[in-house]
Amino acid sequence: QLQLTESGGGMVQAGGSLRLSCAASGRTFSTMGWFRQAPGKEREFVAAIRRNAITYYADSVKGQFTISRDNVKNTVYLQMNSLKPEDTAVYYCAVRISSSGSDYLVRNYDYWGQGTQVTVSS
(Lines give C-alpha, C1' and ligand atoms only; values in the text may rest on other atoms or scores of the structure.)
Protein backbone atom coordinates (compact mmCIF):
# COMPACT_ATOMS: atom_id res chain seq x y z
CA GLN A 1 0.00 0.00 0.00
CA LEU A 2 1.37 3.35 -1.03
CA GLN A 3 2.21 5.73 1.79
CA LEU A 4 3.90 9.11 2.06
CA THR A 5 5.28 9.89 5.50
CA GLU A 6 6.29 13.47 6.16
CA SER A 7 8.37 14.82 9.01
CA GLY A 8 10.35 17.88 10.01
CA GLY A 9 7.82 20.64 10.36
CA GLY A 10 7.63 22.90 13.39
CA MET A 11 7.96 26.41 14.67
CA VAL A 12 10.99 28.58 14.05
CA GLN A 13 11.92 32.23 14.31
CA ALA A 14 12.44 34.32 11.20
CA GLY A 15 15.85 33.66 9.73
CA GLY A 16 15.91 30.11 10.98
CA SER A 17 15.99 26.83 9.09
CA LEU A 18 13.97 23.65 8.87
CA ARG A 19 14.37 20.46 6.89
CA LEU A 20 11.34 18.54 5.75
CA SER A 21 11.46 14.87 4.78
CA CYS A 22 9.00 12.69 2.95
CA ALA A 23 9.46 8.96 2.60
CA ALA A 24 7.46 7.12 -0.05
CA SER A 25 6.70 3.44 0.11
CA GLY A 26 5.13 1.11 -2.40
CA ARG A 27 6.82 2.15 -5.63
CA THR A 28 9.15 4.66 -7.22
CA PHE A 29 8.04 7.92 -8.76
CA SER A 30 9.11 10.11 -11.62
CA THR A 31 8.77 13.35 -9.71
CA MET A 32 8.64 14.13 -6.02
CA GLY A 33 7.63 17.59 -4.93
CA TRP A 34 6.53 19.96 -2.22
CA PHE A 35 3.54 22.27 -2.12
CA ARG A 36 2.28 24.56 0.60
CA GLN A 37 -1.01 26.04 1.64
CA ALA A 38 -1.41 29.05 3.88
CA PRO A 39 -4.71 29.81 5.63
CA GLY A 40 -7.24 31.21 3.18
CA LYS A 41 -5.01 30.61 0.18
CA GLU A 42 -4.80 28.01 -2.53
CA ARG A 43 -2.24 25.24 -2.46
CA GLU A 44 0.87 26.42 -4.30
CA PHE A 45 3.89 24.79 -5.84
CA VAL A 46 7.16 25.09 -3.92
CA ALA A 47 9.68 22.74 -5.50
CA ALA A 48 9.99 19.47 -7.38
CA ILE A 49 12.73 17.05 -8.35
CA ARG A 50 12.79 14.38 -11.01
CA ARG A 51 14.54 11.01 -10.77
CA ASN A 52 17.40 12.41 -12.86
CA ALA A 53 17.83 15.17 -10.25
CA ILE A 54 16.48 18.01 -12.39
CA THR A 55 14.89 20.50 -10.01
CA TYR A 56 12.23 23.15 -10.27
CA TYR A 57 11.46 25.95 -7.82
CA ALA A 58 8.80 28.56 -7.33
CA ASP A 59 10.26 32.02 -7.85
CA SER A 60 9.37 32.89 -4.26
CA VAL A 61 11.76 30.27 -2.82
CA LYS A 62 14.64 30.23 -5.31
CA GLY A 63 17.91 30.61 -3.49
CA GLN A 64 16.20 30.03 -0.17
CA PHE A 65 14.95 26.44 -0.36
CA THR A 66 16.76 23.37 -1.70
CA ILE A 67 15.05 20.17 -2.75
CA SER A 68 16.93 16.89 -2.87
CA ARG A 69 16.13 13.26 -3.28
CA ASP A 70 17.50 9.87 -2.27
CA ASN A 71 16.29 7.37 -4.86
CA VAL A 72 17.51 4.41 -2.81
CA LYS A 73 15.47 5.47 0.20
CA ASN A 74 12.69 6.84 -2.00
CA THR A 75 12.77 9.99 0.08
CA VAL A 76 12.56 13.66 -0.82
CA TYR A 77 13.87 16.49 1.32
CA LEU A 78 13.25 20.21 1.46
CA GLN A 79 15.90 22.30 3.15
CA MET A 80 14.41 25.66 4.05
CA ASN A 81 16.76 28.46 5.05
CA SER A 82 16.29 32.12 5.94
CA LEU A 83 12.68 31.44 6.74
CA LYS A 84 10.23 34.33 6.74
CA PRO A 85 6.81 34.70 8.33
CA GLU A 86 5.27 34.49 4.86
CA ASP A 87 6.64 30.95 4.56
CA THR A 88 4.18 29.88 7.25
CA ALA A 89 1.91 27.20 5.80
CA VAL A 90 1.08 23.54 5.81
CA TYR A 91 3.64 21.85 3.58
CA TYR A 92 2.60 18.83 1.55
CA CYS A 93 4.74 16.22 -0.09
CA ALA A 94 3.41 14.95 -3.41
CA VAL A 95 4.53 12.44 -6.01
CA ARG A 96 3.89 11.75 -9.66
CA ILE A 97 3.98 8.48 -11.57
CA SER A 98 3.99 10.03 -15.03
CA SER A 99 6.76 12.29 -16.26
CA SER A 100 4.65 14.02 -18.88
CA GLY A 101 3.16 17.44 -18.34
CA SER A 102 4.11 20.11 -15.88
CA ASP A 103 5.57 19.39 -12.46
CA TYR A 104 4.21 22.73 -11.27
CA LEU A 105 0.55 21.77 -11.26
CA VAL A 106 -1.34 20.35 -8.29
CA ARG A 107 -3.58 18.32 -10.58
CA ASN A 108 -0.65 16.39 -12.09
CA TYR A 109 0.33 14.76 -8.79
CA ASP A 110 -1.03 11.33 -7.94
CA TYR A 111 -0.42 10.97 -4.23
CA TRP A 112 -0.16 13.38 -1.33
CA GLY A 113 1.20 13.34 2.17
CA GLN A 114 -0.82 14.35 5.19
CA GLY A 115 0.88 17.73 5.48
CA THR A 116 3.20 19.18 8.07
CA GLN A 117 2.83 22.60 9.66
CA VAL A 118 5.63 25.13 9.33
CA THR A 119 5.24 28.27 11.42
CA VAL A 120 7.72 31.13 11.21
CA SER A 121 7.45 33.81 13.87
CA SER A 122 8.71 37.34 13.43
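Everything that follows concerns the structure shown earlier in this document.
Residues numbered from 1 in each chain as written. Predicted model: local features only at pLDDT ≥ 70, side-chain atom pairs only at ≥ 80, totals over all residues. Heavy atoms only, no water.

> Quick rundown of the sheet that holds strand β3 (residues 18-25)? Include the residues and the values.
Strand order across the open sheet formed by four strands is β1-β3-β8-β7, with antiparallel pairing between neighbours. Each edge of the sheet is formed by a strand with only one pairing partner; in this case those strands are β1 (3-7) and β7 (65-70). Taken pair by pair, the neighbouring strands of this sheet meet at an average axis angle of 15°, ignoring direction. Pairing of β1 with β3 involves five bridges; the strand directions are antiparallel. Paired with T5 across the strands is A23, a residue of β3. (Pairing = 2+ DSSP bridges. Helix = DSSP H or I, 4+ residues; strand = E, 2+ residues; numbered from the N terminus. Axes fitted to C-alpha atoms, helices over the stretch in contact; angles between N-to-C directions.)

> Explain the environment of Y91 residue by residue, including any values.
Examined against the element boundaries, Y91 turns out to sit in strand β9 (residues 89-96). Look at Y91 and you get buried, because its relative accessible area is 0%. Every residue in contact with Y91, bar those within four places of it in the chain, is listed here: E6, L20, W34, F35, R36, V46, F65, L78, M80, G115, T116 and V118. Here the side chain of Y91 touches D87 through a polar contact of 2.6 Å, landing on its backbone oxygen. (Buried < 20%, exposed > 50% of the residue type's maximum accessible area, 1.4 Å probe, protein only. Contact = heavy atoms within 4.5 Å. Polar contact = N/O pair within 3.5 Å; in protein donor to acceptor, adjacent residues only side chain to side chain.)

> Now, about the side chain of T31: what can you tell me, with residues and values included?
Take T31: it is sitting in strand β4 (residues 31-37). With sequence-adjacent residues up to four places away left out, T31 is seen in contact with A48, I49, R50, R69, A94, V95, R96, D103 and Y109.

> Now, about the state of the cysteines: what can you tell me, with residues and values included?
On inspection of all chains with the given rule, the structure shows one disulfide. The partner cysteine of C22 in its disulfide is C93, sulfur to sulfur 2.1 Å. Between C22 and C93 the disulfide shows an S-S torsion of about -75°. By sign, it is left-handed. Taken as a pair, C22 in strand β3 and C93 in strand β9 lie far apart in primary sequence, 71 residues in all. Classification of C93 by relative accessible area gives buried; the value is 0%. (Disulfide = S-S within 2.5 Å.)

> Tell me about the environment of R107, and please be specific about residues and values.
Looking at the secondary structure, you find R107 in the loop between β9 and β10 (111-112). R107 gets classed as exposed once you look at its relative accessible area, which sits at 70%. Considering only alpha carbons, one finds R107 and R96, 11 residues apart in sequence, at a separation of 10.0 Å.

> So what's going on with the pairing of β3? Residues and values would help.
With six bridges connecting them, β3 and strand β8 (residues 75-80) associate as antiparallel partners. Counterpart to C22 in the pairing with β8 is V76.

> Quick one: what's the story with the side chain of N74, residue by residue and with numbers?
Looking at the element boundaries, N74 is found in the loop between β7 and β8. Not counting chain neighbours up to four residues away, the residues in contact with N74 comprise C22, A23, A24, R27, T28, F29 and M32.

> Could you give an account of the pattern of salt bridges, with specific residues and numbers?
Within the structure shown, the criterion is met by five salt bridges. Here R50 makes a salt bridge to D103, at a shortest N to O gap of 2.7 Å. In this pair, R50 is assigned in strand β5 (residues 44-50) and D103 in the loop between β9 and β10, connecting sequence segments 53 residues apart. Among the residues examined, D103 registers a relative accessible area of 3% and is labelled buried. For R96, the salt bridge identified is with D103, shortest N-O distance 2.5 Å. Residues R96 and D103 agree in their burial class; the two are buried. (Salt bridge = Lys/Arg side-chain N within 4 Å of Asp/Glu carboxyl O.)

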